[in-house]
Amino acid sequence: MAAIDQQYTNVMELLRAKLPSLAEQLDQEFRQGRAVSGEQLQREGMFDERASRLANTDLPALRKSDIAMVPYSSEERIELIREALLTLAETMHASRAVLLKTAKEHQMDVSIEFVDPELEPVVRVDLVRETERASAALHTTRELLLPQAQTRSEDGR
């Protein structure tokens, strides 16, 4: 097995254990493949193979404007995972920061309680602490997954 395929396998196993919903979404995307036009197929050198398969099944020829689904390459799968993790970290931080800002602007309590008679004990979320944790997680995620120059420029935003 190629090193990048082993990396993909290792990362997906970790995601299945720690973030099963994200892993399932990624699995679905990878099974579906990526959409490319007939023109892109020509540029990527896959057009002739697709055209011959269509001809063998008596289907109409593939035109440049047609869309085909092709499997993701190993590199593309790793890049999609990287983008998903960055987006998740950014969304987690942004949602908490906006909620905290809104609570402060309206002089509301920055601690949220989730109460359900069937759930004990009451779950309390401190928005200040959660926002700080999400900020730290975002910073760490960026350090690990972005090139260094890009990390520094985004931290300066």
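Refer to the structure presented above.
Residues numbered from 1 in each chain as written. Predicted model: local features only at pLDDT ≥ 70, side-chain atom pairs only at ≥ 80, totals over all residues. Heavy atoms only, no water.

Undergrad: Can you help me understand the layout of surface pockets in this one?
TA: Unfilled space is identified by rolling a water-sized probe across the atoms. Its volume calculated, the largest pocket comes out at about 370 Å³. Leu15, Leu19, Leu85, Thr141 and Leu145 are, among the 13 residues lining the largest pocket, the residues nearest its centre. Within the residue set of the lining of the largest pocket, elements represented by two or more residues are helix H1 (3–18), helix H5 (74–105) and helix H6 (127–145). Looking at the lining of the largest pocket, its residues break down into eleven nonpolar, one polar and one charged. (1 Å grid on protein atoms, 1.4 Å probe; cavity = no way out; pocket = protein on both sides within 12 Å on 5 of 7 lines; lining within 4 Å. Points joined across faces, edges and corners; volume = space filled by probe spheres on them. Helix = DSSP H or I, 4+ residues; strand = E, 2+ residues; numbered from the N terminus. Nonpolar A, V, L, I, M, F, W, Y, C, P; charged D, E, K, R; others polar.)

Undergrad: Would you mind going over the pattern of salt bridges with me for this structure?
TA: Taken as a whole, this structure holds eleven salt bridges when the rule is applied. Linking Asp27 and Arg16 is a salt bridge whose minimum nitrogen-to-oxygen distance equals 3.0 Å. Here the residue Asp27 occupies a position in helix H2 (residues 20–32), and Arg16 occupies one in helix H1, the gap between them amounting to eleven residues. Notably, a salt bridge pairs Arg142 with Glu90, separated by 3.9 Å at the nearest N-O pair. Taken together, the residues span a long stretch of sequence, with Arg142 in helix H6 and Glu90 in helix H5 at a distance of 52 residues. (Salt bridge = Lys/Arg side-chain N within 4 Å of Asp/Glu carboxyl O.)

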